[in-house]
2 protein chains.
Amino acid sequence: MSSWPDTRLVELFGIEIPIVLAPMASSSGPPLVSAVSHAGGLGSLPCAALSIDQARDAFTKIRSQTSLPVSMNFFCHEQPAVDAQQASAWREQLRSYFDEFGVDMDAPPPASPIRSFGADYCALVEELKPAVVSFHFGLPDVSLMARLHATGAKVIASATTVAEARWLEARGCDAIVAQGFEAGGHRGSFLAGTATAQQVGTFALVPQVVDAVNVPVIAAGGVADARGIAAAFALGASGVQIGTAYLSCPESSLPANYREALRHAGDDSTVLTNVFTGRPARGIVTRVVAEIGPLAAQTQPFPLASTTLAPLRAKAESLGSNDFSPFWAGQAAALACVMPAFELTRRLASEALERIGV
Amino acid sequence: MSSWPDTRLVELFGIEIPIVLAPMASSSGPPLVSAVSHAGGLGSLPCAALSIDQARDAFTKIRSQTSLPVSMNFFCHEQPAVDAQQASAWREQLRSYFDEFGVDMDAPPPASPIRSFGADYCALVEELKPAVVSFHFGLPDVSLMARLHATGAKVIASATTVAEARWLEARGCDAIVAQGFEAGGHRGSFLAGTATAQQVGTFALVPQVVDAVNVPVIAAGGVADARGIAAAFALGASGVQIGTAYLSCPESSLPANYREALRHAGDDSTVLTNVFTGRPARGIVTRVVAEIGPLAAQTQPFPLASTTLAPLRAKAESLGSNDFSPFWAGQAAALACVMPAFELTRRLASEALERIGV
């Protein structure tokens, strides 16, 4: 299974199948990550919401299942301080929900588990030596990048525009994820600009990023079956990143309500919304998205918006309501085939190779 | 040049190359339309802003250049009556521009040349017998559809969601243009829903439409080079519709300021905006888009918003300003190769076939 029309990515990562599992906090625990890597793709462990110890434990579990290449994924956002006025303004926008669900608006919200990459995580990477380290929302500073590369890791990151791709290449990225508008979850956008200005579709983004950089490009957004993989290669990509199509695998840690929502997702069921975390991310339209969003003019900055919503979400979910549940998903959810991740990865690869006809 | 991996569209239309020229009012006059058809693709004459006599003249000019298949394109929107209150509210939003450019706000605006398809245009189709009739914003009623089909014409229309594609197939469309979010110009959306809910990217839309209907699917949005054509076929399309890449051809009637703006368009230079006509359409960000849009909460209904802007645009353009000029373009403008349309069509086809490798 080595006859891909472009082998730069499989050679760079030392993998057999040019499929990267998207790092997804709700689903990509050790069982899903190790299954994709074991099948020959690249599993990605989302570490942004894990403490150092949790990340080490998860990585160790993956290593007990497979010795093949694995990626650790981190966020590179600026971590905001809690601003009481912003928090209060955001709570005010949600006041009717606190009333309706009988949740105490004045109870202190939980702390966000989401952290930005820094020296502590870098030391963990030096300890664990994953084959690949991937970033969302930019890159760490030059000295941390040098430490990562010194471990032998390949460093990749998401670009949502040609300008971001050039920025990432100039700062040493070994490959670039061209994340199209269709992708589920957070837009990786990090250069200045509005949310609306940075919405480039996968079909237009991939070839323009390929033309702009010399490193291999990984197409992300709307890739969910063999047709998508073949199309990504036709556009000049050296591989794909697939998220939504893996969400419903039995190895995924996806909660039951999320799994059920995905079963009904069609091409137009998702929107970009900032109401869950403060940053635009694609997910299925639930009540708070329809009523406050999709793009609220003012929320708390990322990731704090989610802490204010957390008690509402917990109460609603305890009552069987998904009103405040973020069901991240891309626009090609309906193309996903539900099967174990190992089999899915192998099948996607063999069907794509057949379509590509090499 | 007949070895396309899917020949349903070329057989349906009786053409050699499965490339449809997008109908573009600013550029697709007889020279461009006839060049694409003469090369073996399908030229499309945009008739929505042409009177019966103008459309007949244009079609006759095309026929003098080529006897190969040609498409006539019409709009199927509901034509609104002018509402004085809506017009006044929209003018008020633009008041500072009328002041700045010294344009009389109280002068009666011109009538819109844009008309919806009806019995008069149907009679013209019966007279001229184009090989294909294409629609944007839905389809005409059952009796007009029957008259069109009785001429021998194939009828196609744009879908921006799977639901719209199913609707079009059920009403007798012979092929469906799956118009992704990346496409320049007006979104063809016609089923109820908001502008934001119907933004499905080409990469996700095409395979889901292919799965939903039995008729051939034409991929539109972000297709501008041979990579895009190969990718469209990989996604299951039977052909492509290309617009932006033809705008700069020497045969295009594009004004010089528009041509110049296109030269600088990058992946993230365009947005969906309703400020020019009242309906969401993708174009390059110019001043009025940045300041009033991109999606104004209230405009005049399509197409009347443009009539209020018309005197501002005329005055600004006379002063060399593009502040109010609608430069429709898709997200892949930067991939376009400027060359004559005949050569471009043949080259896109031969390069795509080479990439597809059949």
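Residues numbered from 1 in each chain as written. Chains lettered and ligands numbered in written order. Predicted model: local features only at pLDDT ≥ 70, side-chain atom pairs only at ≥ 80, totals over all residues. Heavy atoms only, no water.

(A) Seen up close, the overall build of chain A. Summing up its helical and strand segments, chain A has 15 helices and 11 strands in all. At 19 Å, chain A has a C-alpha radius of gyration in line with the 21 Å of a compact globule built from 358 residues. Projected onto its principal axes, the C-alpha coordinates of chain A cover approximately 60 × 45 × 40 Å. Out of the 358 residues belonging to chain A, those deemed buried represent 61%. Here the contacts in chain A between residues at least 6 apart in sequence split such that 67% fall between residues at least 24 apart. As displayed, chain A has an accessible area near 12,900 Å², and 53% of this comes from carbon and sulfur atoms. Computing the positive centroid from 24 side-chain charges and the negative centroid from 32, chain A places the two 3 Å apart. (Helix = DSSP H or I, 4+ residues; strand = E, 2+ residues; numbered from the N terminus. Rg over C-alpha atoms; globule rule 2.2 N^0.38 Å. Buried < 20%, exposed > 50% of the residue type's maximum accessible area, 1.4 Å probe, protein only. Contact = heavy atoms within 4.5 Å. Areas by Shrake-Rupley, 256 points an atom, 1.4 Å probe, with all protein chains shown as cover. Lys, Arg positive; Asp, Glu negative; His and termini not counted. Charge placed at Lys NZ, Arg CZ, Asp CG, Glu CD.)

(B) Summary view of the interface of chain A and chain B. In this complex, chain A contributes 38 residues to the contact, which on the side of chain B involves 38 residues. Between chain A and chain B lies a buried interface of about 2,800 Å² when both sides are counted; carbon and sulfur atoms form 60% of it. Among the residues of chain A in contact with chain B, Phe203, Arg227 and Asp267 of chain A are the three that bury the most area, contributing 25% of the side total. Our count for the chain A to chain B interface comes out at 2 salt bridges. For Asp211 of chain B, the salt bridge goes to Arg227 of chain A, with nearest N and O atoms at 2.8 Å. Summed over the shared surface of chain A and chain B, the number is 14 residue pairs in polar contact (both at pLDDT 80 or more). Those elements that place two or more of their residues in the side of chain A that touches chain B are α9 (202–212) and α10 (226–234) of chain A. (Buried area = accessible area lost by both parts, 1.4 Å probe. Salt bridge = Lys/Arg side-chain N within 4 Å of Asp/Glu carboxyl O. Polar contact = N/O pair within 3.5 Å; in protein donor to acceptor, adjacent residues only side chain to side chain.)

(C) Quick look at unusual backbone geometry. Residues and elements named next belong to chain A. In this structure, the amide linkage connecting Gly293 to the following residue, Pro294, adopts the cis form with an omega of 5°. By the secondary structure assignment, Pro294 is in the loop between α13 (287–292) and α14 (305–318). Residue Pro303 follows Phe302 across a cis peptide bond; omega there is -5°. For Pro303, the position within the fold is in the loop between α13 and α14.

(D) Fine view of the relation of the copies chain A and chain B. The two copies are related by a screw operation: chain A maps onto chain B through 180° of rotation and 0.0 Å of translation along the axis, at an RMSD of 0.0 Å. The symmetry that links the two subunits is that of a two-fold axis. Ranked by how close their C-alpha atoms come to the rotation axis, the residues of chain A are headed by Ala231 of chain A, at 2.0 Å. Residue by residue, 100% of the interface of chain A is reproduced at the interface of chain B, so both copies engage with the same surface. (Least-squares fit on C-alpha atoms with pLDDT ≥ 70 in both.)

(E) Here's a closer look at the nonpolar core. Judged by nonpolar contacts, the single largest core of 225 residues is most densely connected at Tyr246 of chain A together with Tyr246 of chain B. Tyr246 of chain B has contacts with Ile19, Leu21, Met24, Leu32, Val36, Ser252, Ala341, Leu344, Thr345 and Leu348 of chain B, leaving out every residue within four places of it along the chain. (Core = buried A, V, L, I, M, F, W, Y, C linked by side-chain atoms within 4.5 Å.)

(F) Examining helix α3 (residues 52–65) of chain B more closely. All names here are of chain B. Here α3 is 14 residues long and its end C-alpha atoms lie 20 Å apart, about the 20 Å a rise of 1.5 Å per residue gives. Turning to α3, its buried residues are Ala55, Ala58, Phe59 and Ile62. Buried residues of α3, seen end-on, are gathered within an arc of 95° and therefore sit on one face of the element. In α3, the exposed positions that point more than 90 degrees away from the buried face belong to Lys61 and Ser64. Where the residues of α3 are buried, they touch α2 (30–39), β2 (43–46), β3 (70–75) and α6 (119–128). (Expected span 1.5 Å × (residues − 1). Arc of directions from axis to C-beta.)

(G) A look at the sheet that holds strand β10 (residues 270–273) of chain B. All names here are of chain B. Taken together, 3 strands build an open sheet; the order of strands is β7-β11-β10 and the sheet is antiparallel. Every other strand in the sheet has two partners, leaving β7 (185–186) and β10 as the edge strands with one partner each. In the sheet, β7 pairs with strand β11 (residues 281–284) via 2 bridges, with the strands oriented antiparallel. Residue pairing across strands places Gly185 opposite Arg282, the latter belonging to β11. (Pairing = 2+ DSSP bridges.)

(H) Summary view of the side chain of Thr151 of chain A. For Thr151 of chain A, the position within the fold is in the loop between α7 (142–150) and β5 (154–159). Filtering out sequence-adjacent residues up to four positions away, Thr151 of chain A remains in contact with Val125, Glu126 and Lys129 of chain A.

(I) Layout of the packing of aromatic side chains. Per the stated rule, a full pass over the model turns up 29 aromatic pairs over all chains. A ring pair is formed by Phe75 of chain B and Phe137 of chain B, whose centres lie 4.9 Å apart and whose planes are at 65°; its orientation type is edge-to-face. On the criterion of sequence distance, the pair formed by Phe75 of chain B in strand β3 and Phe137 of chain B in the loop between β4 (132–136) and α7 (142–150) is long-range, its members being 62 residues apart. Members of the aromatic cluster, joined through ring pairs, are Phe74, Phe117, Tyr121 and Phe135 of chain A. Here Arg282 of chain B stacks its cationic end above the ring of Phe181 of chain B, 4.5 Å away from the centre of that ring. (Phe/Tyr/Trp six-rings, centres within 6.5 Å; stacked < 30°, edge-to-face > 60°. Lys NZ or Arg CZ within 6 Å of the ring centre and 35° of its normal.)

These results come straight from atomic positions and should not be treated as a statement about function.
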